[in-house]
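Overview (structure and organization)
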Amino acid sequence: TGNIVSRDALEIRGSVKPKFRVNALGDILIRGTIEKAQVRSDANIVAQTGMVGDYAVMHSRGDVDITYVERGRIFAGGSIVLRKSGYYCRLHAGGNITAAPTTRILASQVVAGGSLVLGTVGSDNAEPALVAAAVAPAQLQKMYTLRREVAAHQEALEKLRRRLGYETENEEIDELRQEYEESEKNLQQLNLITAEAEESSDQGLSHALECSISVKGRIYAGTEIRLGNSRMILPSTMNNVCFRLREHIAPGAASRDILILPNKK
């Protein structure tokens with residue numbers, strides 16, 4: 001019982017109970033269940049059972065290998081391996097996310113800086129999932145923050161115009177309008193592939209074109225699919241498919257969309 005801090009690798013043969021914290025500079029192996037607890041490692045984490053609870057959080061600078069996640073959150077600098085199920089959870093990885101073909105993802109957010117390999121995604125009886133490849137998790141969170149800022153500025157501007165009159169112009173209205181336009185501009189220019197666009201002449205496009213989302217089982221209609229800066233809502237339920245980014249080159253312009261292909265046998 002109690003919190004654990006280790007400067008080396010750590011093995012926990014039982015479970016981590018609610019509200020406790022585990023921190024290690026080395027690898028962490030947990031043989032029991034993580035129950036509404038926080039686990040952090042500067043290396044890799046292996047959870048042989050799973051993680052449960054809205055307040056269960058796992059941070060790893062390396063890779064994570066876990067059997068199941070229910071309502072928990074995992075943030076990995078490397079890759080994530082999911083062996084059984086992910087329900088109402090958030091899985092964010094700087095590398096790839098790989099799940100067994102029999103795995104089920106339900107009403108969850110699965111975001112990888114690399115590629116995704118998943119089992120079944122979604123259900124007719126749950127909220128749609130979000131699956132994203134070639135998307136930096138930090139950039140996706142920044143997008144949601146900017147969306148909230150845009151909505152807040154727009155609401156404040158509308159309330160002020162209703163109070164002062166739609167024909168009125170003053171400094172307060174001008175300031176709110178400038179804040180709204182700046183947030184809207186930042187949102188439109190946000191690159192989800194990488195925050196370090198200056199390091200890549202194509203802003204990460206070549207990386208996104210190499211990434212894919214492979215679904216070995218069924219993926220349900222309504223699932224939000226993201227590949228790099230492109231997005232689609234799956235129009236119908238499909239089986240054993242692969243999503244890749246396709247680039248169209250036209251005179252003076254280029255566009256990208258998400259292509260749906262059958263998985264190779």
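This text follows the structure it describes.
Tallied over the full model, the rule gives twelve salt bridges. Salt-bridge contacts for Arg 246 lead to Asp 257; the nearest nitrogen and oxygen are separated by 3.1 Å. Taken together, the positions of Arg 246 in strand 22 (residues 238-250) and Asp 257 in strand 23 (residues 253-262) put the pair eleven residues apart, joining distant regions of the chain. We classify Asp 257 as partly exposed; its relative accessible area is 27%. Arg 256 serves as the salt-bridge partner of Glu 247, at 3.6 Å between the closest nitrogen and oxygen. Given a relative accessible area of 39%, Arg 256 falls into the partly exposed group.

This part takes up the side chain of Thr 33. Note that Thr 33 resides in the loop between strand 4 (28-30) and strand 5 (34-35). Once residues lying within four places of it in the same chain are set aside, the contact partners of Thr 33 are Gly 14, Ser 15, Val 16, Thr 49, Gly 50, Val 52 and Tyr 68.

With that settled, consider the side chain of Thr 103. The residue Thr 103 is located in the loop between strand 13 (97-99) and strand 14 (104-106) in this model. A residue is classified by how much of its surface remains accessible, and Thr 103, at 0% relative accessible area, is buried.

Another aspect to go through is a negative patch on the surface. Together, Glu 171, Glu 172, Glu 175 and Glu 179 give the surface a local cluster of negative charge. Within the fold, Glu 175 resides in helix 2 (residues 171-189). Assessed through its relative accessible area of 48%, Glu 175 is described here as partly exposed.

Rules used in this analysis
Residues numbered from 1 in each chain as written. Predicted model: local features only at pLDDT ≥ 70, side-chain atom pairs only at ≥ 80, totals over all residues. Heavy atoms only, no water. Salt bridge = Lys/Arg side-chain N within 4 Å of Asp/Glu carboxyl O. Helix = DSSP H or I, 4+ residues; strand = E, 2+ residues; numbered from the N terminus. Buried < 20%, exposed > 50% of the residue type's maximum accessible area, 1.4 Å probe, protein only. Contact = heavy atoms within 4.5 Å. Patch = residues over 30% accessible without salt bridge, like charges linked within 9 Å, V, L, I, M, F, W, Y side chains within 5 Å. Areas by Shrake-Rupley, 256 points an atom, 1.4 Å probe, with all protein chains shown as cover. Lys, Arg positive; Asp, Glu negative; His and termini not counted. Charge placed at Lys NZ, Arg CZ, Asp CG, Glu CD.

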